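Here are the chains, one letter per residue:
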Amino acid sequence: MSNIPKSDDQVDQWRSVMFLYDSALKKVNTKIEILNNEFVNRYDYNPIEHIKSRLKTADSIVKKLKKDGHDVTIENMMEYLSDIAGIRIICSFTSDIYQIAEMIAHQADVTVLHVKDYIKNPKPNGYKSYHMVVTVPVYLSDGPVETKVEVQIRSVAMDFWASLEHKIAYKFEGNAPENLLKELKACADIVDMLDAKMFSLNEAITAYAAEQRRQEEQAAKTEEEFS
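Computed from a prediction, not measured in an experiment: that's the story for all the values here.

(A) Main features of the side chain of Glu150. Inspection of the secondary structure assignment puts Glu150 in strand β5 (residues 143–155). The side chain of Glu150 sits in the buried core without any salt bridge; Arg54 is the nearest counter-charge, 4.7 Å away. Reaching out from Glu150, the side chain makes a polar contact with the side chain of Gln152 at a distance of 3.2 Å. Contact partners of Glu150, with chain neighbours within four places excluded, come to Ser82, Asp83, Ala85, Gly86, Ile87, His131, Met132 and Val133.

Have a look at this one:
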């Protein structure tokens, strides 16, 4: 990241840096909303259920830097942390996830730094989600600053499981009993089956609706020919 705001006052520099992340967050959020609205207008289909965004707190940033063995500086924060600005996109189905990810990556001013596909390669505990770290330019008076944003894309079912897993991990401070971890993994497998079943059901409903429209159009055409 270039053009890091400079200041003799650490507080002012902190505010300037967090302004960058907040601005990048808003920019990516707007891009995603526009893409979703385009889908609605062009295909009468809404692939995104909802969008969540957040900025990491100062306390979380300090803990993460220390955990990763870095000195707590603004420069290290910007260099080594990729999730200070984070957006989570909740989709209806797994197929929507990859489509949304591709559309974001193809935006002219979006640069994809790296991707972690936990859907094709789930974590051992059963966690599934699609993670991508991107940069977008935030245009300031003295030029653009490429700023990192982490984008997580998951289905409703995946998000439900991940939310419960996070609560359990938080309660046990990352040391949950083995039997609970096994139950969580079993639930992840059930969620995976539910995702697949709901997608199959949606495909069947879509096909049925298309056939109904075809029959209605054919009936109208036949009636017009005999009128």
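(B) Main features of the pairing of strand β2 (residues 85–91). Most of β2 is tucked away, with six of its seven residues classed as buried. When strand β1 (residues 48–55) meets β2, the two strands line up antiparallel, connected through seven bridges. In the sheet register, Ile48 faces β2, and the bridge partner there is Cys91.

(C) A look at the packing of aromatic side chains. Applying the stated rule across the entire model yields four aromatic pairs. Note on Tyr98 and Tyr130: the rings are 5.5 Å apart at their centroids and 75° apart in plane angle, and the pair reads as edge-to-face. Highlighted residues: Tyr98 in helix α4 (residues 94–105) and Tyr130 in strand β4 (residues 130–140), separated in sequence by 32 residues. Assessed through its relative accessible area of 25%, Tyr98 is described here as partly exposed. Note on Tyr130: relative accessible area 11%, which makes it buried. Note that Lys123 overlies the ring of Tyr118, its terminal NZ or CZ placed 5.0 Å from the centroid.

(D) Expanded view of a nonpolar patch on the surface. Judged by side-chain polarity, Leu194, Met198, Leu201 and Ile205 come together as a nonpolar surface patch covering roughly 370 Å² of accessible area. Position of Leu201 among the secondary structure elements: in helix α6 (residues 178–226).

(E) Layout of the confidence of the model for the protein chain. Chain-level statistics for the protein chain give a pLDDT mean of 88 and a share of 95% at 70 or above. Model confidence for the protein chain, summarised as mean pLDDT per element, is weakest for α6 at 82 and strongest for strand β3 (residues 111–117) at 97.

(F) Structural detail: helix α5 (residues 156–171). Here α5 contains 16 residues, and its C-alpha end-to-end distance of 23 Å stays within 8% of the 22 Å for a straight helix at 1.5 Å per residue. All of the buried residues along α5 are Ala157, Met158, Asp159, Trp161, Ala162 and Glu165.

(G) Representation of the sheet that holds β1 within the structure. Judged by pairing direction, the sheet is mixed, and its five strands sit side by side in the order β1-β2-β5-β4-β3 without closing on themselves. Both edges of this open sheet fall to β1 and β3, since each of them pairs with a single strand only. Ignoring which end each strand starts from, the neighbouring axes of this sheet average 25° apart. Sheet strands touched by helix α1 (residues 10–43): β1, β2, β4 and β5. Its angle to β1, the strand with the most contacts, is close to 175°.

(H) Summary view of the pattern of salt bridges. Applying the stated criterion across every chain, the model contains 13 salt bridges. With a shortest N-O distance of 3.3 Å, Asp22 and Lys26 are connected by a salt bridge. Of the two residues, Asp22 and Lys26 are both situated in helix α1; the distance of four residues between them amounts to about one turn of the helix. Here Asp22 falls in the partly exposed class, since its relative accessible area comes to 26%. Across the salt bridge formed by Asp83 and Lys56, the nearest N and O atoms sit 3.1 Å from each other. Taken together, the residues span a long stretch of sequence, with Asp83 in the loop between α3 (74–80) and β2 and Lys56 in the loop between β1 and α2 (58–67) at a distance of 27 residues. Each member of the pair, Asp83 as well as Lys56, carries the same accessibility label: buried. Connected through salt bridges with shared partners, the residues Lys27, Lys31 and Asp109 form a single ionic network.

Cut-offs and rules
Residues numbered from 1 in each chain as written. Predicted model: local features only at pLDDT ≥ 70, side-chain atom pairs only at ≥ 80, totals over all residues. Heavy atoms only, no water. Helix = DSSP H or I, 4+ residues; strand = E, 2+ residues; numbered from the N terminus. Buried < 20%, exposed > 50% of the residue type's maximum accessible area, 1.4 Å probe, protein only. Lys, Arg positive; Asp, Glu negative; His and termini not counted. Salt bridge = Lys/Arg side-chain N within 4 Å of Asp/Glu carboxyl O. Polar contact = N/O pair within 3.5 Å; in protein donor to acceptor, adjacent residues only side chain to side chain. Contact = heavy atoms within 4.5 Å. Pairing = 2+ DSSP bridges. Phe/Tyr/Trp six-rings, centres within 6.5 Å; stacked < 30°, edge-to-face > 60°. Lys NZ or Arg CZ within 6 Å of the ring centre and 35° of its normal. Patch = residues over 30% accessible without salt bridge, like charges linked within 9 Å, V, L, I, M, F, W, Y side chains within 5 Å. Areas by Shrake-Rupley, 256 points an atom, 1.4 Å probe, with all protein chains shown as cover. pLDDT = per-residue confidence, 0-100. Expected span 1.5 Å × (residues − 1). Axes fitted to C-alpha atoms, helices over the stretch in contact; angles between N-to-C directions.

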